[in-house]
Amino acid sequence: MKHHHKLTVALCLIWASSILYGEMFAFWVPSLFTCSWPHHHLLKSDGVESDVKFTKVAIVTDPQLMDKTSFRLSSKTLALEVAQFYTDVNMRRSFFQSVLPFKPDVVLFLGDYFDGGPFLPEEEWYESLSRFKHVFGMNSQGQAGDVPTFYISGNHDIGYSRVASHKLDVISRYEKAFGSRNRRFMIGSTEFVSIDAQAIDGNPQKELALEVWKFVQNVSSDTKSHPRVLLTHIPLYRPDQTPCGPHRASSVIDQRLWRHFKDQEVMYQNYITAESSKKLLELIKPTLVLSGHDHDQCTLTHKSEAGSVTEHTLGTISWQQGNLYPSFMLLSVPNAIHQNSSDQDNMLHTQLCFLPRQLFIYIWYLSLFVLTLLALLLWPNHGVSFLNNAADTISNVVKLSFLSGVPKEKNEDENCEYEMVWDAEGSMHLVKKVLQAPVKRQSDKSHVERGNAVMRSAARKNDIENVMDSNVGAGVSDPLMRSASKSRTKLVIQRVIRTIMMSIVIAAFNVPIYMMLLFKDWVEK
């Protein structure tokens, strides 16, 4: 039992280490080891003066909080509530333990905060809004704590132009919570321009599309005195099968554009059309384009009359939205533009950061559970003393090596035998004789000493006993087999009971740790 106590302690420690890493330490990795602000890596040789100050911007997209439209389940279904809870906890940990430790000055959200936003009734929509604020720690002003926060709309928030044009109340409640869909604001020395990408390709004669293009024309008419960043939830047009760079995990999605046959409003699209994309680049003249919607990472360069423009499409922050490698982005924006800077448009620097792979963490938990059961069921009663066996082997080798170097003493008893001889009085004496090569002669059979006769009698007795034992054994073989079968059944039952007891001990030690970490992250502000 002592060996099983050791095994239980070892498994408890392995489980505790796995839980601490999967539920806490894994979310510290980006800020401690794998990611940092891009301006920290700049050198003077890059043409950036050492006294340049930067505004630090953290960018997040596509959380898409799960609701009844995600799995087509009713709002109060237990399965849906469990899925919502674990997904929300994961994003809350990602934001509070992976993003906020970078201490950003500004946070940008690039759309799709809900999954079925346009289709949720008023009460359920506000419940989802309350969850969103809790997951990302929003205060009454819509800021992530004390950090200024900006939002752009996504198709899962207000719908494409076909839905939005028929549900103006959806747009109204969105703007009440998140602000205007088309806006411009300054961060550092850079102007950020956000547009309602869901309406830009809608019917050009309808109000939603006209509103977007009027806003774009107003931006274009102003003199460009600062670098601009275009914020659009739907990415700009890219030809089919355009390479997306080394960070892309899934296959590239080609353009799909579906319009309603009556009013030509957009029902679904993957990218903004080529015509609209070209027009946006020419009118706004952005230095950088940031987008979401695709749920996976993509970096490419667009050609326009104003020059080459890089677009970064960010992956979702949620592990439930089809991306095994959720991510966020860090953007360094200079606070001032130096007139002697050779290239003002290249003063913006980005860094893509990856979050823990939650699915792989759950797979490890499942694998460890199976290994734990196998170890408890199959672990031998005497344990596995690998070190002791190794030590005994080494000791035996040393002994053999030592003895092989010592000269062997002569043994006087070699090549000799002792014979029992009885005298006339009946006393027995041992007489030592030198062995000679055995010579088989017929006369040897007639020379029978008394001692040899005694030995032969004993041999006959042993033979008789062996025959009797074999006869008796044939009669009791069946009861012995039945007894062995019962012993094996008893052993299996004992191992199962032992496995259950040890599993209870392991669970009693680790479940409180897991629950403490789970609810600490959910409740703690």
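The shown structure was predicted, so the numbers you read here are calculated from the model rather than taken from an experiment. (Residues numbered from 1 in each chain as written. Predicted model: local features only at pLDDT ≥ 70, side-chain atom pairs only at ≥ 80, totals over all residues. Heavy atoms only, no water.)

Asks: Mind showing me how you'd approach the overall build of the protein chain here?
Replies: Summing up its helical and strand segments, the protein chain has twelve helices and 15 strands in all. For the protein chain, the proportion of its 525 residues judged to be buried stands at 41%. Once local pairs closer than 6 in sequence are excluded, the contacts in the protein chain between residues at least 24 apart make up 72%. Of the roughly 29,400 Å² that the protein chain leaves accessible, carbon and sulfur atoms contribute 60%. (Helix = DSSP H or I, 4+ residues; strand = E, 2+ residues; numbered from the N terminus. Buried < 20%, exposed > 50% of the residue type's maximum accessible area, 1.4 Å probe, protein only. Contact = heavy atoms within 4.5 Å. Areas by Shrake-Rupley, 256 points an atom, 1.4 Å probe, with all protein chains shown as cover.)

Asks: Please clarify how the UniProt feature "transmembrane region" (unreviewed entry) in the protein chain should be interpreted in this entry.
Replies: UniProt annotation of "transmembrane region" (unreviewed entry) refers to residues 359-379 and 496-519 when read in the numbering used here. Annotated as 95% helix and 0% strand, the span residues 359-379 places its first and last C-alpha atoms 30 Å apart. Overall, residues 496-519 shows 100% helix and 0% strand. The separation of its end C-alpha atoms is 33 Å. (UniProt positions renumbered as here; feature names shortened; annotations may be inferred.)

Asks: Honestly, the state of the cysteines in this entry has me stumped. Any pointers?
Replies: Where two cysteines share a covalent bond between their sulfur atoms, that bond is called a disulfide. Applying the stated criterion across every chain yields a total of two disulfides. Through a disulfide, Cys-35 is tied to Cys-353; the S-S separation comes to 1.7 Å. Handedness here is read from the sign of the S-S torsion; for Cys-35 and Cys-353, about -55 degrees, the answer is left-handed. Taken together, the residues Cys-35 in the loop between α1 (2-34) and β1 (54-60) and Cys-353 in strand β13 (residues 349-354) connect sequence positions 318 residues apart. Residue Cys-35 is classed as buried on the basis of its relative accessible area of 7%. Judged by its relative accessible area of 1%, Cys-353 falls in the buried class. With a sulfur-sulfur separation of 2.1 Å, Cys-244 is cross-linked through a disulfide to Cys-298. Of note, the bridge from Cys-244 to Cys-298 carries an S-S torsion of about -75 degrees and is left-handed in sense. Here the residue Cys-244 occupies a position in the loop between β6 (228-232) and β7 (257-259), and Cys-298 occupies one in strand β10 (residues 298-304), the gap between them amounting to 54 residues. (Disulfide = S-S within 2.5 Å.)

Asks: Where do I start with the packing of helix α3 (residues 78-99) against helix α4 (residues 122-135) in this structure?
Replies: The relative placement of two packed helices comes down to the angle between their axes together with the axis-to-axis distance. Running from N to C, α3 and α4 point in directions that differ by 35 degrees, and their axes come no closer than 9 Å. Note on element contacts: α4 touches α3 through Arg-131, His-134 and Val-135, opposite Gln-84, Asp-88, Met-91, Arg-92 and Phe-96. Within the contact of α3 with α4, the residues separate by chemical class into three nonpolar, two polar and three charged. (Axes fitted to C-alpha atoms, helices over the stretch in contact; angles between N-to-C directions. Nonpolar A, V, L, I, M, F, W, Y, C, P; charged D, E, K, R; others polar.)

Asks: Would you mind showing me how to read helix α7 (residues 168-178) here?
Replies: The periodicity of an α-helix, 3.6 residues per turn, causes residues three or four places apart in sequence to face the same way. All buried positions along α7 are accounted for by Val-170, Ile-171, Arg-173, Tyr-174 and Phe-178. Contacts made by the buried residues of α7 are with α4, β3 (149-151), α5 (155-158), α6 (161-164), β4 (183-187) and α8 (207-221). Backbone geometry just after α7 places Gly-179 at a positive phi near 100 degrees.

Asks: It is not clear to me how the packing of α8 against helix α9 (residues 274-284) should be interpreted in this structure. Could you clarify?
Replies: It is at 8 Å that the axes of α8 and α9 come closest, and there the two elements cross at 30 degrees. By the criterion of interaxial angle, the relationship of α8 to α9 is roughly parallel. Here α8 contributes Trp-213, Val-216, Gln-217 and Ser-220 to the contact with α9, which in turn contributes Ser-276, Lys-279, Leu-280, Leu-283 and Ile-284. Along the lines of polarity and charge, the residues of the contact of α8 with α9 split into five nonpolar, three polar and one charged. (Parallel < 35°, antiparallel > 145°, perpendicular 65-115°, else oblique.)

Asks: Explain helix α10 (residues 358-378) here, please?
Replies: Over its 21 residues, α10 extends 30 Å from the first C-alpha to the last, a length consistent with the 30 Å expected when each residue adds 1.5 Å. Turning to α10, its buried residues number three or more, namely Gln-358, Ile-361, Tyr-365, Leu-368, Thr-372, Ala-375 and Leu-376. All buried residues of α10 fall inside an arc of 95 degrees around its axis, so they share one side. Residues of α10 that are exposed and point more than 90 degrees away from the buried face comprise Leu-366 and Leu-378. (Expected span 1.5 Å × (residues − 1). Arc of directions from axis to C-beta.)

Asks: I would appreciate a short explanation of the confidence of the model for the protein chain in the present structure.
Replies: Low pLDDT means the predicted coordinates in that region are not meant to be read closely. Of the residues in the protein chain, 77% reach a pLDDT of 70 or more, and the chain-wide mean stands at 84. For the stretch residues 445-461, pLDDT sits under 50, and the model shows eight contacts to residues farther than four places along the chain or on other chains. (pLDDT = per-residue confidence, 0-100.)

Asks: What's the story with the pattern of salt bridges in this structure? I'm lost.
Replies: Side-chain pairs of opposite charge can arise where the charged atoms are in close proximity. Counted by the stated rule, this structure contains 16 salt bridges. A salt bridge links Glu-23 to Arg-93; the shortest N-O distance between them is 2.4 Å. Residue Glu-23 is found in helix α1, and its partner Arg-93 is found in helix α3; the two are separated by 70 residues along the sequence. Looking at Glu-23, the relative accessible area reads 1%, which means it is buried. (Salt bridge = Lys/Arg side-chain N within 4 Å of Asp/Glu carboxyl O.)

Asks: Would you take a moment to explain the side chain of His-293 for this structure?
Replies: As for its placement among the helices and strands, His-293 is situated in the loop between β9 (288-291) and β10. Assessed through its relative accessible area of 11%, His-293 is described here as buried. In this structure the side chain of His-293 is engaged in a polar contact, spanning 3.1 Å, whose partner is the side chain of Asn-155. Contact partners of His-293, with chain neighbours within four places excluded, come to Asp-62, Asn-155, Tyr-160, His-233, Ile-234, Pro-235, Gln-269 and Asn-270. (Polar contact = N/O pair within 3.5 Å; in protein donor to acceptor, adjacent residues only side chain to side chain.)

Asks: Explain the sheet that holds strand β11 (residues 307-313) to me, please; I cannot follow it from the model alone.
Replies: Two orientations exist for strands paired in a sheet by backbone hydrogen bonds: parallel and antiparallel. Pairing in this open sheet of six strands is mixed, and the strands run β4-β5-β6-β9-β11-β10 from one edge to the other. Two strands close off the open sheet at either side, each with one partner strand: β4 and β10. Neighbour-to-neighbour, the strand axes of the sheet open up by a mean angle of 25 degrees, direction not taken into account. Relative to β11, β9 runs parallel, the two being bridged by four bridges. Paired with Leu-288 across the bridge in β11 is Thr-310. Strands in contact with α8 are β4, β5 (190-194) and β6; relative to β4, the strand with the most contacts, it is inclined by about 40 degrees. (Pairing = 2+ DSSP bridges.)

Asks: Please explain unusual backbone geometry as it appears in this structure.
Replies: With the exception of glycine, the majority of residues adopt a negative phi angle, and the majority of peptide bonds are in the trans configuration. Of note, the phi angle at Asp-112 is positive, near 60 degrees, even though the residue is not glycine. In the Ramachandran plot, His-293 falls in the positive-phi region, its phi being about 75 degrees despite a non-glycine side chain.

Asks: Help me understand the pairing of strand β12 (residues 327-334) in this model?
Replies: In terms of burial, β12 is largely enclosed, as eight of its eight residues are buried. Of the two faces of β12, the one holding Ser-327, Met-329, Leu-331 and Val-333 and the one holding Phe-328, Leu-330, Ser-332 and Pro-334 are both buried throughout.

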